[in-house]
Amino acid sequence: MTKNKSSPIGLFDSGVGGLSVFQEVKKLLPDREYIFLADQAHVPYGKKTQKELQNLSARITKFLLEKEIGILVVACNTATCYALDYLRQMFKIPIIGVVPALKPAAKLTKNNKIAVMSTPATAKSTYLKNLAKKFAQNKDVMFLGCKGLEDAVETLDRKTIKTLLDKYTKEVCDFGADTVVLGCTHYPFLKTQIKMRIGSKIQILDSGRAIAKRTKQILKKTEDNAKSTIIETFYTTGNPDKFSQVASQLLKYRITSKKAYI
Ligand code: DGL
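What counts, and where the lines are drawn
- Residues numbered from 1 in each chain as written.
- Predicted model: local features only at pLDDT ≥ 70, side-chain atom pairs only at ≥ 80, totals over all residues.
- Heavy atoms only, no water.
- Helix = DSSP H or I, 4+ residues; strand = E, 2+ residues; numbered from the N terminus.
- Rg over C-alpha atoms; globule rule 2.2 N^0.38 Å.
- Buried < 20%, exposed > 50% of the residue type's maximum accessible area, 1.4 Å probe, protein only.
- Lys, Arg positive; Asp, Glu negative; His and termini not counted.
- Charge placed at Lys NZ, Arg CZ, Asp CG, Glu CD.
- 1 Å grid on protein atoms, 1.4 Å probe; cavity = no way out; pocket = protein on both sides within 12 Å on 5 of 7 lines; lining within 4 Å.
- Points joined across faces, edges and corners; volume = space filled by probe spheres on them.
- Nonpolar A, V, L, I, M, F, W, Y, C, P; charged D, E, K, R; others polar.

So, on to the overall build of the protein chain. A count of helical and extended segments in the protein chain gives 11 helices and 10 strands. Here the C-alpha atoms of the protein chain give a radius of gyration of 18 Å, agreeing with the 18 Å that 2.2 N^0.38 yields for 262 residues. Structurally, the protein chain occupies a C-alpha span of about 55 × 40 × 35 Å along its principal axes. Across the 262 residues that make up the protein chain, the buried fraction comes to 56%. A distance of 4 Å separates the average location of the 44 positive side-chain charges in the protein chain from that of its 23 negative side-chain charges.

As a volume, the largest pocket reaches approximately 710 Å³. What lines the largest pocket is a set of 26 residues, among which V99, P100, K103, A210 and I211 lie closest to the centre. Per-element accounting of the lining of the largest pocket gives the leading share, 6 residues, to helix α10 (residues 208-221). In this structure, the second largest pocket occupies an estimated 250 Å³ of space. Along the walls of the second largest pocket sit 16 residues, with S20, Q23, E24, P188 and D206 positioned nearest its centre. Contributions of two or more residues to the lining of the second largest pocket are made by α1 (18-28) and α10. The residue inventory of the lining of the second largest pocket, partitioned by class, reads 6 nonpolar, 5 polar and 5 charged.

Applying the stated criterion across every chain yields a total of 1 cavity of 30 Å³ or more. Of the voids in this model, the largest cavity is the one considered here, and its volume is about 70 Å³. Around the largest cavity, the lining is made up of 14 residues, and of these S14, C76, T78, T119 and C184 lie nearest the centre. Its residues assigned to classes, the lining of the largest cavity comprises 4 nonpolar, 8 polar and 2 charged.

These values are about where atoms sit, not about what they do.
Structure (structure tokens):
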């Protein structure tokens, strides 16, 4: 039976990166309520242990469940790689994770060379290695851990972004990839700058659109698809003024955020 008001969609990331996923989900599901949490008190997630990531992800999920979300999108590759299975065991709501788009990349590559740009933690995760084994077995995959890039996006530190992108895109080109997977949710905000450096012949994939489609599909199945007026609530465990400032620039409209204690 369809409810009068649907439950909010919850999303979280270590920081502003998850907003790239939020944007895609919102494009496909505009009549929904959203609650987004950026765990900026603990960014970058790449430096945490699996236990820490499981613990943080569980605390955030509890926080979002108190706000009565009906579905959770883990809008972070690192948290997905290290804590998704744990969350699914602990909580009963549908939980969608974000993993690098290796499967579509394996279908699209012509020269069988794929570069996955991600945080160093995602690059060395067993989860990603298994994904490659499953979907890109006969491909040459470079796992490129881009140290510091997500931090630079967090603060929109343009100088560091430029230096790091020069370095990492050169590695992609030297490797000879014809397909690049953006395996960190912070990176879609850098797509134009990456494209400028690697040229238009190399295709760039991210997971945002696929996650949006999956979210829509699950909501259809659970029949939790009554319309709401769009309400977006943003929380950060860090500094709300700083988050609001950077998020407004990335989303290209003015948002405000609240402090979350998880
Ligand atoms: N956006 C996160 C991801 O997709 C960044 C993780 C981090 O804070 O290291 O992996």
